[in-house]
There are 2 protein chains.
Amino acid sequence: MAQGAIFRLLILLTVASTSFSQSIIQTWPPKQALLASDGISGHRKIPNDLYCESWRFTVETNDAGIWTRVPARCVGYVKEYMTGDKYSADSEAVADDSLAYAKTVELSGDGKDAWIFDIDETLLSNVPYYTSHGFGSEISDEDSFDNWVDMAEAPAIPASLRLYKELEELGFTIILLTGRTEVQRKATELNLQNAGYSNWERLILRANSDHDKTATIYKSERRKQLEDEGYKIHGNSGDQWSDQMGFAVAKRSFKLPNPIYVIA
Amino acid sequence: MAQGAIFRLLILLTVASTSFSQSIIQTWPPKQALLASDGISGHRKIPNDLYCESWRFTVETNDAGIWTRVPARCVGYVKEYMTGDKYSADSEAVADDSLAYAKTVELSGDGKDAWIFDIDETLLSNVPYYTSHGFGSEISDEDSFDNWVDMAEAPAIPASLRLYKELEELGFTIILLTGRTEVQRKATELNLQNAGYSNWERLILRANSDHDKTATIYKSERRKQLEDEGYKIHGNSGDQWSDQMGFAVAKRSFKLPNPIYVIA
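The residue numbering used here restarts from 1 in each chain and proceeds along that chain's sequence as written. The naming scheme follows written order: chains are lettered A onward, ligands numbered 1 onward. Only residues with pLDDT of at least 70 are given local features in this predicted model, and only at 80 or more are side-chain atom pairs given and counted; all residues enter the totals for whole chains, interfaces and linings. Note that the side-chain values use all heavy atoms of the structure and ignore hydrogens as well as water.

- You'll find chain A entered in an unreviewed UniProt entry as HAD superfamily, with Abeliophyllum distichum given as the organism.

Right, dumping it as structure tokens:
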């Protein structure tokens, strides 16, 4: 190779390696994102979908903590998420993880191998209700929701129904632990049956004495009682962080999606 | 109104009300989603972005538990998420929530009001490293990552740098608690300074005696020591669930996004 060619090759290699390392170093943070996200005020400038995706991230990771209603600019986003294929896909993915874990559990076979399910937005979907109640944009109206519960028409979440039946076949004892109250027992049982659920060991609802407790405390206390009765709580499925926080927690807890409302 | 007209009106009202209630009842689950998600095998049939969005949901909610690497079909998705505007937007949203909470904390003013930060993917971004290491698709290579740490060139996550400075101004004592080891102390301090961080009270790294502990245990033990020293741990920011689980947990913990790797 002639000296000139070698020199040109060296130059080429130098330029290539410089731009390669620069491309790595400068990959992140992207300049565009920096401009878009200059703090809280900057959030108002970013596109709706990007804003609402991030809002949902903070809700589902519990970073948002307790919030009162879906931000006005995200109501359309939430409706699309819930009624399109994303909510179903997320629910299916959570059911897959739950089942994969369940298959690794060594069951004692004494009938005390428990899996706990929450009901609303876990076994049953209230999307038909929220469709006519603003998809989380309205402050929750207990009376109209109670009327909806009494209708016993909430459909099953298909992924949860699939998981429920597979857990039953694997030999888990299924216990339902819900924030619904004792006066709603009949309607709840009817609704669960209408939706395809059966053979639960126990349906635990809030007693009068539980009314002033947060969901976290009420559910922790009831899980503790189950443990005291000898149940091993292998798994726990719920759409709220208050389903799985507190004490007497399950060995593994699974968070189902819910960007419509939060329960402390 | 003629009888025929009244009859036609009644028919119209009946049809309208029927289709209205049906439209509510049949809103969910959408037929399309049902077809797309017929269990685990069905997931392979759904579009990549939908699958990978749901995979990320299960990672960020801890439903996925411990996993070894990003699914092959989601590597492109993860790269786009991390280097586009979504990761930055999510990070900003988490910083906003953290700051909103921090502003509600009543500080004692005795210097013991602590906020704990993790380092990797919390204060500093290793995206430049993962850009040349497959974005989580490769099994992690400790040697090459240690070399990257020694370079001390990881950039700040802008949202975290903003939060860090605001917390400092509010009067929080900032403590850094990282899975990095004592041999990486100098490089870590240099990198933090290079990236714009300063004035932390303490930088806690893994000692030799911590090497066999999970991150959850190691970090819980160190938080417990801080509590025993009189620190009130008001807040905790980390990208891993192992940053905030275990014992001696902060009053509020904030999960930053990280779909590249998981640490038990």
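A look at the environment of histidine 234 of chain B
Residue and element names in this part refer to chain B.
Step number 1: Strands are runs of DSSP state E lasting at least 2 residues, helices are runs of H or I lasting at least 4, and numbering of each runs from the N terminus. Looking at the secondary structure, you find histidine 234 in strand β4 (residues 232–238).
Step number 2: Placed 121 residues apart in sequence, histidine 234 and aspartate 113 show a C-alpha to C-alpha distance of 6.7 Å.
Step number 3: Contacts were defined at the residue level, with two residues in contact if any of their heavy atoms lie within 4.5 Å. Setting aside residues up to four positions removed in sequence, histidine 234 forms contacts with Tyr101, Val105, Glu106, Leu107, Asp113, Ala114, Phe172, Ala250, Lys251 and Arg252.

Thoughts on the nonpolar core
Step number 1: Core analysis: the biggest nonpolar cluster contains 56 residues, and Phe117, Leu176 and Tyr197 of chain A have the highest contact counts within it.
Step number 2: The biggest single contributor to this core is helix α6 (residues 85–102) of chain A, with six residues.
Step number 3: Excluding anything up to four places from it in sequence, tyrosine 197 of chain A contacts Leu123, Leu124, Ala156, Ile157, Ser160, Leu161, Tyr164 and Leu192 of chain A.
Step number 4: Only buried residues count toward a nonpolar core. Its members are Ala, Val, Leu, Ile, Met, Phe, Trp, Tyr and Cys residues joined through side-chain atoms within 4.5 Å. Buried, partly exposed and exposed residues are distinguished by accessible area as a fraction of the type maximum, computed with a 1.4 Å probe on protein chains only: under 20%, between the cut-offs, and over 50%, respectively. Grouped together as the second largest cluster of nonpolar side chains are 52 residues, Tyr81, Met82, Tyr101 and Trp148 of chain B included.

A look at the sheet that holds strand β5 (residues 252–255) of chain A
All names here are of chain A.
Step number 1: On the basis of which strands lie adjacent, the open sheet formed by five strands has the order β3-β2-β1-β4-β5 and parallel pairing. This sheet does not close on itself; its edge strands, each paired only once, are β3 (202–206) and β5. Direction aside, the axes of adjacent strands within the sheet are offset by 20 degrees on average.
Step number 2: Two strands pair if DSSP finds at least two bridges between them. Pairing between strand β4 (residues 232–238) and β5: four bridges, direction parallel. Along β5, the bridge assignment pairs glycine 238 with lysine 255. Axis lines are fitted through C-alpha atoms, for helices just across the contact stretch, and the angle between N-to-C directions can take any value from 0 to 180 degrees.

So, helix α5 (residues 75–83) of chain B
Step number 1: Where α5 of chain B is concerned, the buried positions are Tyr77, Val78, Tyr81 and Met82 of chain B. Projection of α5 of chain B onto a plane perpendicular to its axis shows the buried side chains occupying an angular sector of 125 degrees, all on one side. Note that the arc is defined by the directions from the helix axis to the C-beta atoms.

Thoughts on the state of the cysteines
All names here are of chain A.
Step number 1: By convention in this document, the label disulfide applies to cysteine sulfur atom pairs within 2.5 Å. As enumerated under the stated definition, the model contains two disulfides over all chains in all.
Step number 2: Two residues, cysteine 52 and cysteine 74, share a disulfide whose sulfurs are 2.2 Å apart. Taking the torsion about the S-S bond as the criterion, the cysteine 52 to cysteine 74 disulfide, at about -90 degrees, is left-handed. In this pair, cysteine 52 is assigned in helix α4 (residues 48–60) and cysteine 74 in the loop between α4 and α5 (75–83), connecting sequence segments 22 residues apart. Note on accessibility: cysteine 52 and cysteine 74 belong to one class, buried.

Remarks on the packing of aromatic side chains
Geometrically, a pair of aromatic rings is defined through the distance of the ring centres and the angle of the planes.
Step number 1: Centres within 6.5 Å are what make two rings of Phe, Tyr or Trp a pair, Trp counting through its six-membered ring; a difference in plane orientation under 30 degrees is then read as stacked, over 60 as edge-to-face, and the rest as tilted. According to the stated counting rule, one finds 27 aromatic pairs over all chains in the structure shown.
Step number 2: Here phenylalanine 117 of chain A and tyrosine 164 of chain A contribute two aromatic rings whose centre-to-centre distance is 5.6 Å and whose plane-to-plane angle is 35 degrees, an arrangement assigned as tilted. Of this pair, phenylalanine 117 of chain A sits in strand β1 (residues 113–117) while tyrosine 164 of chain A is found in helix α9 (residues 158–170), placing the two residues 47 residues apart along the sequence. Each member of the pair, phenylalanine 117 of chain A as well as tyrosine 164 of chain A, is classed as buried.
Step number 3: Plain terms: the ring middles of tryptophan 241 of chain A and tryptophan 241 of chain B are 5.1 Å apart, the flat faces sit at 25 degrees to each other, and that makes the pair stacked. Here tryptophan 241 of chain A, found in the loop between β4 and β5, pairs with tryptophan 241 of chain B, found in the loop between β4 and β5 (252–255), and the two come from separate chains. The exposure classification of tryptophan 241 of chain A matches that of tryptophan 241 of chain B, with both residues buried.
Step number 4: Grouped by ring-pair contacts, the aromatic residues Tyr129, Tyr130, Phe145, Trp148 and Tyr261 of chain A constitute a single cluster.
Step number 5: For the cation-ring pair, arginine 73 of chain B lies above tyrosine 51 of chain B, with the distance from its terminal atom to the ring centre recorded as 4.0 Å.
Step number 6: In this scheme, Lys NZ or Arg CZ marks a charge over a ring once it lies within 6 Å of the ring centre and within 35 degrees of the ring normal. The side chain of lysine 112 of chain B reaches across the aromatic face of tyrosine 231 of chain B, ending 4.4 Å from its centre.

Quick notes on the environment of lysine 251 of chain B
All names here are of chain B.
Step number 1: Mapping lysine 251 onto the fold places it in the loop between β4 and β5.
Step number 2: Each C-alpha atom of the pair lysine 251 and isoleucine 233 lies 6.6 Å from the other, and the pair is 18 residues apart in sequence.
Step number 3: Discounting chain neighbours no more than four positions away, the residues touching lysine 251 are Tyr101, Lys232, Ile233 and His234.
Step number 4: Among the polar contacts listed, one links the side chain of lysine 251 to the side chain of histidine 234, at a separation of 3.2 Å. Nitrogen and oxygen atoms within 3.5 Å of one another constitute a polar contact, given that in protein one can donate a hydrogen and the other can accept it, and given that sequence-neighbouring residues count only through two side-chain atoms.

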